[in-house]
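One-letter residues, chain by chain:
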Amino acid sequence: MSNLKVNVSNVLSTVSAEQIQALNPAAADGLAKLYNGSGLGSDFLGWVNLPAETPESLIADIEATAKQLRETCDYVVSVGIGGSYLGAKAVIEALSDSFATLRGAEDDRHCRVLFAGQNIGEDYLSELQDLLRDKKFGIIVISKSGTTTEPAIAFRLLKEQLESQMGKAEAAKRIVAVTDAKRGALR
């Protein structure tokens, strides 16, 4: 993997090369803190060495889980807020067919991904639950703590609905938790 390179030649009409160079010590300090995990928020740095240090076993597990959800679900609800919601949404949009949302649920190229937990509006959750009534769906809940209000409410409501529609054993096969490796309510 190659390093990121920054070309500042187009900004030299607004700042001098010396002004840019003066920022090097602070930038180097920031990078050092990022890579050695000594800065504020260092417990949120699991992404720093991705994808280079992602074990093949994790990739295989993700692929198998995605395949299982595609085969058993018409809809997958991604439950999260902030980066958990926006990160998933950005990746899905970047890697998906631009017109996927306009294709019918019967299109076997994918199951549809819906979102919940990014707001607390009861109309949104009610309409989502109405849409999913009697549908084959799964849930991917993304939360480090598992206690953030909006996704916690959405997850509980959707989990209850999924269990009611499919039974607890089948619902358990259709729920994926993306959370802290060692602690948190979703563990």
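Draft legend 1. The arrangement of the overall build of the protein in detail. Each helix and strand counted, the protein has seven helices and four strands in total. What you see in the protein, going N to C, is helices and strands ordered as α-α-α-β-α-β-α-β-α-α-β. The C-alpha atoms of the protein give a radius of gyration of 21 Å, which is well past the 16 Å a tight globule of 187 residues would have. Dimensions along the principal axes, computed over C-alpha positions, put the protein at roughly 65 × 40 × 35 Å. Burial analysis of the protein (187 residues in total) assigns 23% to the buried set. In the protein, once contacts between residues fewer than 6 apart in sequence are set aside, the share between residues at least 24 apart is 72%. For the protein, the accessible surface area stands at approximately 12,800 Å², while carbon and sulfur atoms represent 56% of it. Within the protein, one finds 20 positive and 24 negative side-chain charges whose respective centroids are separated by 4 Å.

Draft legend 2. Spatial organisation of the pattern of salt bridges. The full count for this structure, using the stated rule, is eight salt bridges. A salt bridge links E163 to K159, with the nearest nitrogen and oxygen atoms 3.0 Å apart. Pair noted here: E163 and K159 are both in helix α6 (residues 149-166), with a separation of four residues, about one helical turn. Its relative accessible area of 30% is what places K159 among the partly exposed residues. Of the charged contacts in the structure, one is a salt bridge between R174 and E170, with a shortest N-O distance of 2.9 Å. The partly exposed category is assigned to E170, whose relative accessible area is 22%.

Draft legend 3. Representation of the environment of L23 in the model. Secondary-structure assignment places L23 in the loop between α1 (17-22) and α2 (24-36). On the accessibility criterion, L23 (56% relative accessible area) is exposed. Remark: the alpha-carbon pair of L23 and R103, spanning 80 residues in sequence, is separated by 49 Å.

Definitions and cut-offs
Starting from 1, residues in each chain are numbered consecutively following that chain's sequence as written. Owing to the predicted nature of the model, reporting of local features is limited to residues with pLDDT of at least 70; listing and counting of side-chain atom pairs is limited to 80 or more, with chain, interface and lining totals taken over all residues. Calculation of side-chain values draws on the structure's entire complement of heavy atoms; hydrogens and water are dropped beforehand. The helix and strand labels rest on DSSP assignments: H or I over at least four residues marks a helix, E over at least two residues marks a strand, and numbering proceeds from the N terminus. With C-alpha atoms as the basis for the radius of gyration, the globule rule is written as 2.2 Å multiplied by the number of residues raised to the power 0.38. Relative accessible area decides the class of each residue, using a 1.4 Å probe on protein chains only: under 20% of the type maximum gives buried, over 50% gives exposed, and in between gives partly exposed. Note on contacts: a residue pair qualifies if any of its non-hydrogen atoms lie within 4.5 Å across the two residues. Calculation of accessible area relied on Shrake-Rupley with a 1.4 Å probe; when residues are assessed, cover is drawn exclusively from the protein chains displayed. We count Lys and Arg on the positive side and Asp and Glu on the negative side, and we leave His and both chain ends out. All charge positions are set by atom: Lys at NZ, Arg at CZ, Asp at CG, Glu at CD. For salt bridges, the criterion is a side-chain nitrogen of Lys or Arg within 4 Å of an Asp or Glu carboxyl oxygen.

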